[in-house]
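Analysis of the macromolecular model
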Amino acid sequence: MEVKIGVQHAPREIVLESDLSAEELEAVVAAALSGKAPLLSLTDVKGRKVLVPSDRLSYVDLGEPSVRKVGFGAAL
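Residues numbered from 1 in each chain as written. Predicted model: local features only at pLDDT ≥ 70, side-chain atom pairs only at ≥ 80, totals over all residues. Heavy atoms only, no water.

**Thoughts on the pattern of salt bridges**
Cut-off, in case you're wondering: Just to be clear on terms, a salt bridge is a Lys or Arg side-chain nitrogen sitting within 4 Å of an Asp or Glu carboxyl oxygen. Partly exposed describes any residue whose relative accessible area lies between the buried limit of under 20% and the exposed limit of over 50%, with all areas from a 1.4 Å probe on protein chains only and scaled to the type maximum.
Under the counting rule described, the total for this entry stands at one salt bridge. In this structure, the salt-bridge partner of Asp 44 is Arg 48, at a minimum N-O distance of 3.3 Å. You can call Asp 44 buried: its relative accessible area is 11%. A residue is classified by how much of its surface remains accessible, and Arg 48, at 44% relative accessible area, is partly exposed.

So, in structure tokens, the structure goes:
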């Protein structure tokens with residue numbers, strides 16, 4: 001699932017692909033926004049870890065679940 005994170009005072013958003021479900025991602029983000037966790041910590045599909053201080057979050061956009069495309073074009 002694609003995740004876009006807006007950070008205060010940062011010119012660009014952070015974009016990563018996560019193996020977590022929408023419900024799991026929502027729980028992690030909710031814990032960070034409620035103050036239960038001082039950091040929003042996510043790991044992408046390549047193993048890269050992203051840490052954002054909870055008080056610096058502007059927004060978190062949870063995209064559609066990604067479907068791997070095989071071949072040169074998408075078949076309809």
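**Side note on the sheet that holds strand β2 (residues 14-17)**
This is how the line gets drawn: Any two strands with at least two DSSP bridges between them are considered paired. For helices the rule is a DSSP run of H or I covering at least 4 residues; for strands it is a run of E covering at least 2, with both sets numbered from the N terminus onward. For helices, the fitted line uses only the C-alpha atoms of the stretch in contact; every axis is such a line through C-alpha atoms, and the angle between N-to-C directions lies from 0 to 180 degrees. Any two residues whose heavy atoms approach within 4.5 Å are treated as being in contact.
Strand order in the open sheet formed by three strands is β2-β1-β5, with antiparallel pairing between adjacent strands. In this open sheet, the two strands that pair with only one neighbour each are β2 and β5 (57-62). Adjacent strand axes in the sheet meet at a mean angle of 15°, parallel and antiparallel pairs treated alike. For strand β1 (residues 2-7) and β2, the ladder comprises four bridges, and the chain directions are antiparallel. Of the residues in β2, the one forming a bridge with Ile 5 is Ile 14. Here helix α1 (residues 22-34) sits on the sheet and contacts β1 and β5; the angle it forms with β5, its principal contact strand, is near 170°.

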